[in-house]
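Here is what each chain is made of, one letter per residue.
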Amino acid sequence: MTKRLLFLDDIRYPIEAYHYTKQDMFLTKDWHIVRNYEQFVNRILEKGLPEMISFDHDLADEHYLEPNSKEFVEKTGYDCAKWLVEYCMDNYLDLPKFYCHSMNPVGKENIESLLNNLKNYNGDF
């Protein structure tokens, strides 16, 4: 059975993330790519939780143009991570494995902190 891996990124492909992360998992062909918040949520609602999710933070041009703005219209990878936390808590599910391949250091830290906090708080439900 193939692994169910979810790659959230508006423009990159897993092989591109491999080039700067050197994480071998990005060499596998088992990734399903979602490009934005809606696709992320819909994929999980339709297919269930994947085994692993790799997050990008900046999912739209506006996130690159004004990286620290609080006024984003488009949702970020952090919004996807927040939704995932709520979904897991509401449904008593364990958080899938996760990685953050974002090149935005603040966004990456925010996503990792949020998900690690839930993992550390819950251990297992």
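Criteria and thresholds
The written sequence of each chain sets the order in which its residues are numbered from 1. Residues qualify for local features only when their pLDDT is at least 70, as the model is predicted, and side-chain atom pairs are given and counted only at 80 or more; totals for whole chains, interfaces and linings, by contrast, use all residues. Hydrogens and water molecules were not included; the side-chain quantities draw on all heavy atoms of the structure. Here a strand is any run of E in DSSP of at least two residues, a helix any run of H or I of at least four, and the numbering for each starts at the N terminus. Only protein chains enter the accessibility calculation, which uses a 1.4 Å probe; a residue whose area is less than 20% of its type maximum is buried, one above 50% is exposed, and one in between is partly exposed. A contact between two residues is defined here by any heavy atoms of the two lying within 4.5 Å. Computed with the Shrake-Rupley method and a 1.4 Å probe, the accessible areas treat only the protein chains shown as cover for residues. N or O atoms closer than or at 3.5 Å make up a polar contact, with two conditions inside protein: a donor-capable atom paired with an acceptor-capable one, and, for residues adjacent in sequence, both atoms drawn from side chains. Pairing between strands is defined by DSSP: at least two bridges between the two strands are required. Helix axes are fitted to C-alpha atoms over the stretch in contact, other axes to C-alpha atoms as well, and angles between N-to-C directions run from 0 to 180 degrees. Here the arc refers to the directions that run from the helix axis out to each C-beta atom. Note on terminology: a nonpolar core comprises buried Ala, Val, Leu, Ile, Met, Phe, Trp, Tyr and Cys residues joined through side-chain atoms within 4.5 Å.

Where an unreviewed UniProt entry is consulted, the protein chain appears under the name Cyclic-phosphate processing Receiver domain-containing protein, with the organism given as Epilithonimonas zeae.

Draft legend 1. Spatial organisation of the overall build of the protein chain. For the protein chain, the count of helices and strands is five helices and four strands. Taken from the N to the C terminus, the helices and strands of the protein chain come in the order β-α-β-α-β-α-α-β-α. Counting all 125 residues of the protein chain, 45% fall into the buried class. A sequence separation of at least 24 residues applies to 68% of the contacts in the protein chain between residues at least 6 apart. A total of about 7600 Å² of accessible surface is found on the protein chain, and carbon and sulfur atoms cover 49% of it.

Draft legend 2. Just the environment of Thr 28, in detail. Mapped onto the elements of the fold, Thr 28 is located in the loop between α1 (14-21) and β2 (31-34). Considered as a pair, Thr 28 and Leu 5 are 23 residues apart in the sequence and their alpha carbons are 9.5 Å apart. Separated by 3.2 Å, the side chains of Thr 28 and Asp 30 make a polar contact.

Draft legend 3. Local environment of the sheet that holds strand β3 (residues 52-55). Taking strand neighbours across the sheet as the criterion, the four strands line up as β2-β1-β3-β4 in an open arrangement whose pairing is parallel. At either end of the open sheet lies a strand with only one pairing partner, and these are β2 and β4 (97-100). Shown here is a sheet whose adjacent strand axes are inclined to one another by a mean of 20 degrees, direction ignored. When strand β1 (residues 5-8) meets β3, the two strands line up parallel, connected through four bridges. Residue Phe 7 lies in a different strand from β3, and its bridge partner there is Ser 54. In the packing of helix α2 (residues 37-47) onto the sheet, the strands contacted are β1, β2 and β3, and the crossing angle to β2 comes to about 135 degrees. Across the sheet, helix α4 (residues 77-90) lies against β1 and β3, angled at about 150 degrees from β3, the strand it touches most.

Draft legend 4. Representation of α2 within the structure. Listed as buried for α2 are Tyr 37, Phe 40, Val 41 and Ile 44. For α2, the angular spread of buried residues about the axis comes to 90 degrees, placing them on one side. Structural note: α2 exposes Glu 38 and Glu 46 on the side pointing more than 90 degrees away from its buried face. Elements in contact with the buried residues of α2: β1, β2, β3 and α4. A side-chain oxygen of the first residue of α2 lies 3.2 Å from the backbone nitrogen of Glu 38; this N-cap is Asn 36. Just beyond α2, the residue with positive phi is Gly 48, at close to 85 degrees.

Draft legend 5. Here's a closer look at unusual backbone geometry. Residue Lys 22 is not a glycine yet carries a positive backbone phi of 60 degrees. Judged by relative accessible area, which is 52%, Lys 22 ranks as exposed.

Draft legend 6. Summary view of the nonpolar core. One finds Phe 40, Ile 44, Phe 55, Trp 83, Leu 84 and Leu 115 to be the most contacted residues of the largest nonpolar core, which totals 25 residues. Counting residues per element, the ones that place at least two in this core are β1, α2, β3, α4, β4 and α5 (105-122). Looking at which element gives the most residues to this core, the answer is α4, with seven residues. Non-local contacts of Leu 115, meaning those with residues more than four positions away in its chain, are made with Phe 55, Ala 81, Leu 84, Val 85, Leu 95 and Phe 98. Leu 5, Phe 7, Ala 17 and Tyr 99 belong to the second largest nonpolar core, which has eight residues in total.

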